[in-house]
Amino acid sequence: MIPKEINIFYSKIGDRPIPSDCALLKNLSEALLRKGKNYVNWQDRELTITGKLLLIEGLKLYEVDAQRLEQLQYTTYGRPYLDLELDFNISHSGEYVICGLAKGMRLGVDIEERKTVDINSFYKVFTPKELIAIRSSKKTEETFYNYWTIKESVMKAIGKGLSIPPVEIEIDSDQQASYDDQIWYVRNIQIDEHYASHIATDYKYVKLNYHWIDFHRT
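Anyway, here's the lowdown on the structure attached to this text. (Residues numbered from 1 in each chain as written. Predicted model: local features only at pLDDT ≥ 70, side-chain atom pairs only at ≥ 80, totals over all residues. Heavy atoms only, no water.)

Below, the discussion takes up the overall build of the chain. If you tally the helices and strands in the chain, you get 4 helices and 11 strands. When its C-alpha atoms are laid out on the principal axes, the chain stretches across 50 × 40 × 30 Å. Taking as baseline every contact in the chain between residues at least 6 positions apart, the subset at least 24 positions apart corresponds to 62%. As displayed, the chain offers around 12000 Å² of accessible surface, 47% of which is attributable to carbon and sulfur atoms. Across the chain, the 28 positively charged side chains and the 32 negatively charged ones have centroids separated by 1 Å. (Helix = DSSP H or I, 4+ residues; strand = E, 2+ residues; numbered from the N terminus. Contact = heavy atoms within 4.5 Å. Areas by Shrake-Rupley, 256 points an atom, 1.4 Å probe, with all protein chains shown as cover. Lys, Arg positive; Asp, Glu negative; His and termini not counted. Charge placed at Lys NZ, Arg CZ, Asp CG, Glu CD.)

Dropping the structure here:
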């Protein structure tokens, strides 16, 4: 079986905003740039804008003009999409932003910065079997975040947001999860040892292509 390609674009926001004279910012609509000014701190604005810039770079790979971003639409659950024969999903946490794109499949991505966490506060998120696996792991927090990003990536692939209780997404293995009798195949995204990240798809055989972009040097 020939695997289908998934392209993972990722970047860091760094310790300063993208230079205002960056040519890539011209690809963003005035509406999006105005919206960015509403954020309380520049980091939140930067994460949102960087996500859109990564999407633009991804669209270029599929020979889709950046202006198509102006036709961005949202489902009733708030999932963004374009009327194209490809799916995409964006996630950010800490300093990192990732965007996954692929044709011929549904996908969802999630990234989380690993921080100290109280496992007991998440008993409504994981099944009893999953909680046992997390608590018995020699790397408890690492296992927690791996499970968490798997569930989040599946939720984002399905596209129904928090209307899906995370506990109803069952992690069958480190490469497979299920919800409502549908199997979702998950792959670990390796970006930074201090972060956990996964991608979920409804297609089993995939190949991940990584594309690092530094918008402060572009």
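It is worth spelling out the side chain of Thr143 at this point. Its place among the elements puts Thr143 in helix α4 (residues 140-158). Looking at Thr143, the relative accessible area reads 16%, which means it is buried. (Buried < 20%, exposed > 50% of the residue type's maximum accessible area, 1.4 Å probe, protein only.)

To continue, consider helix α2 (residues 42-61). A rise of 1.5 Å per residue sets the reference length of α2, with its 20 residues, at 28 Å; its end C-alpha atoms lie 29 Å apart and thus fit the reference within 8%. For α2, the tally of buried residues reaches 14 of 20 residues, placing the bulk of the element in the interior. Two residues or fewer past α2, Glu63 is found with a positive phi of approximately 60 degrees. (Expected span 1.5 Å × (residues − 1).)

On to the nonpolar core, then. Counting 29 residues, the largest nonpolar core has Leu28, Leu53 and Leu101 as the members making the most contacts within it. Examining the composition of this core, we find that 7 residues originate from one element, α2, more than from any other. Discounting residues that sit within four places of it in the chain, Leu101 has contacts with Glu5, Ile6, Asn7, Phe9, Leu55, Gly58, Leu59, Tyr62, Leu86, Asp87, Phe88 and Leu107. With 24 residues, the next largest nonpolar core counts Met155, Ile158, Ile171 and Ala177 among its residues. (Core = buried A, V, L, I, M, F, W, Y, C linked by side-chain atoms within 4.5 Å.)

Taking 1.5 Å of rise per residue, 19 residues should cover 27 Å, and α4 covers 27 Å from first to last C-alpha, within 8% of that figure. Buried residues dominate α4, accounting for 14 of its 19 residues. Phi for Gly159, located one or two positions after α4, is positive at around 85 degrees.

Right, let's get into the packing of helix α3 (residues 128-136) against α4. Where α3 meets α4, the closest approach of the two axes is 7 Å, and the angle between their N-to-C directions is 145 degrees. On the side of α3, the interface is formed by Glu130, Ala133, Ile134 and Arg135, while α4 contributes Thr140, Thr143, Phe144, Tyr147 and Lys151. Residues belonging to the contact of α3 with α4 are distributed by class as follows: 4 nonpolar, 2 polar and 3 charged. (Axes fitted to C-alpha atoms, helices over the stretch in contact; angles between N-to-C directions. Nonpolar A, V, L, I, M, F, W, Y, C, P; charged D, E, K, R; others polar.)

Turning our attention to the sheet that holds strand β4 (residues 87-93). Backbone hydrogen bonds are what pair the strands of a sheet, in a parallel or an antiparallel way. A sheet is described by the order of its strands in space; here 4 strands give the open sequence β4-β5-β1-β11, paired in mixed fashion. Every interior strand has two partners, whereas the edge strands, β4 and β11 (206-212), have only one. Strand-to-strand, the axes of this sheet are offset by a mean angle of 20 degrees, without reference to chain direction. Pairing geometry for strand β1 (residues 4-12) and β11, over 7 bridges, is parallel. Counterpart to Ile8 in the pairing with β11 is Tyr210. (Pairing = 2+ DSSP bridges.)

Right, let's talk about the environment of Tyr62 for a bit. Among the secondary structure elements, Tyr62 is positioned in the loop between α2 and β2 (73-74). The spatial distance from the C-alpha of Tyr62 to the C-alpha of Leu107 is 16 Å, given a sequence separation of 45 residues. Contacts of Tyr62, omitting those with residues within four sequence positions, involve Glu5, Asn7, Leu86, Leu101, Ala102 and Lys103. Within the local environment of Tyr62, its side chain forms a polar contact with the side chain of Asn7, the two groups lying 3.0 Å apart. (Polar contact = N/O pair within 3.5 Å; in protein donor to acceptor, adjacent residues only side chain to side chain.)

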